[in-house]
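The residues making up each chain are set out below.
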Amino acid sequence: GVPQAAAAEAALLQWRQREEERWRGALKKREGEVLAALGKEWEAKEAERERASARQRRGLAAAEAELRGKVAELEREQRRMRGVEAALTAKVAAAEQKAAHEAALRQATHQGELAAAQAALGQASGKVAMLEERLAAAEAREVRQEEEARATRQAEAAAAAKAAALQAETARLEVTLHEARAKLDGAVSAAEQRKQQALAAHRDLQRLEAEVRESESARLRSQLLDERCEKEQLQLRRQADQERASLAAEAAEVQRLKAQLSQLEAAAPPQRPLLGMGGGG
């Protein structure tokens, strides 16, 4: 009757409670096993992640050291190139100063030589003019002496006609004729000397004109030397510009390497603390 049904219901309830407790125990055990497996898997993954992070940090440290070495090397090279640029600038300045000094010296020397040549030419021209005047005067005297000689010869002819009556006068005229001839020979000799002096002055004038032409040739050579100095200065400026362009390219490479280093540092993952896994009770 009713007591048996109640007993059966109580037995069923107890069985259900025992099954539920057994099921809960099994579920709790399974849950513990799953959590333990998950913990081990998490620890393994964290260890692998830590090892990968350590490898990445070592790689980044090596890359950073290499980049820092390259940056230091480029900075040393940049300092060396700045020294080279300063040396080239000093060399260009020295070459320009030397060229200017040499040009000034050449110009002063050329002007002095030209002034001296012009002065010598003026003196020679004056000397030639004076000698030409003396030569004209000598020629005039020679003409007068020739006229006197003709008159003397005419007098001698007249005296020869009167030789018989005028022997004393003829002797005196012969003495006069001898003296006149001596004077004529002296005048001819003096005129010949003056002519030689005039020829020598003319040769001096030609020599001075040749010196003036040589001075002009020296001026042209000086101009060519100035043009060559200007070409050398232009070449030195081009070399300095090339060195500056190389320095600018190296500076850009340094900036690029620094930017790359900053990107690598920013891309490195932050270190994570290990999480402790507690077992469920």
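Everything numeric here is computed off the predicted structure, so don't read it as measured data.

Our focus in this paragraph is the overall build of the protein chain. Per the secondary structure count, the protein chain includes 2 helices and 0 strands. Residues classed as buried in the protein chain amount to 15% of the 281 residues present. In the protein chain, the proportion of contacts linking residues at least 24 apart, taken out of those at least 6 apart, comes to 89%. Of the roughly 20,900 Å² that the protein chain leaves accessible, carbon and sulfur atoms contribute 56%.

For arginine 106, the location among the structural elements is in helix α1 (residues 2-161). What arginine 106 contacts, discounting residues up to four positions off in sequence, is Ala99, Ser222, Leu225 and Asp226.

All right, on to the packing of aromatic side chains then. Applying the stated rule across the entire model yields 0 aromatic pairs. The ring of tryptophan 42 has arginine 49 sitting right over it, with the charged end atom 5.8 Å from the ring centre.

Right, let's talk about the pattern of salt bridges for a bit. Under the defined criterion, the tally for this structure stands at 12 salt bridges. When the shortest N-O distance is used, the salt bridge between arginine 30 and glutamate 33 registers 3.6 Å. Of this pair, arginine 30 and glutamate 33 both sit in helix α1, separated by 3 residues, roughly a single helical turn. What makes arginine 30 exposed here is its relative accessible area of 53%.

A few words now on a nonpolar patch on the surface. Among the surface-exposed residues, Val34, Leu35 and Leu38 lie close enough to one another that they form a single nonpolar patch of about 230 Å² accessible area. With respect to the helices and strands, the residue valine 34 is situated in helix α1.

Among the secondary structure elements, alanine 190 is positioned in helix α2 (residues 167-267). Separated by 48 residues in the primary sequence, alanine 190 and glutamate 142 have C-alpha atoms spaced 10.0 Å apart.

Core analysis: the biggest nonpolar cluster contains 6 residues, these being Leu67, Val71, Leu74, Val254, Leu257 and Leu261. The set of elements that each furnish at least two residues to this core consists of α1 and α2. Setting aside residues no more than four positions away along its own chain, leucine 261 makes contact with Glu64, Leu67 and Arg68.

Another aspect to go through is the confidence of the model for the protein chain. Overall, the predicted model of the protein chain reaches an average pLDDT of 80, with 90% of residues at or above 70. Overall, residues 272-281 carries pLDDT values under 50, and its contacts beyond four positions in sequence, including any with other chains, amount to 6 contacts.

Basis of the calculations
- Residues numbered from 1 in each chain as written.
- Predicted model: local features only at pLDDT ≥ 70, side-chain atom pairs only at ≥ 80, totals over all residues.
- Heavy atoms only, no water.
- Helix = DSSP H or I, 4+ residues; strand = E, 2+ residues; numbered from the N terminus.
- Buried < 20%, exposed > 50% of the residue type's maximum accessible area, 1.4 Å probe, protein only.
- Contact = heavy atoms within 4.5 Å.
- Areas by Shrake-Rupley, 256 points an atom, 1.4 Å probe, with all protein chains shown as cover.
- Phe/Tyr/Trp six-rings, centres within 6.5 Å; stacked < 30°, edge-to-face > 60°.
- Lys NZ or Arg CZ within 6 Å of the ring centre and 35° of its normal.
- Salt bridge = Lys/Arg side-chain N within 4 Å of Asp/Glu carboxyl O.
- Patch = residues over 30% accessible without salt bridge, like charges linked within 9 Å, V, L, I, M, F, W, Y side chains within 5 Å.
- Core = buried A, V, L, I, M, F, W, Y, C linked by side-chain atoms within 4.5 Å.
- pLDDT = per-residue confidence, 0-100.

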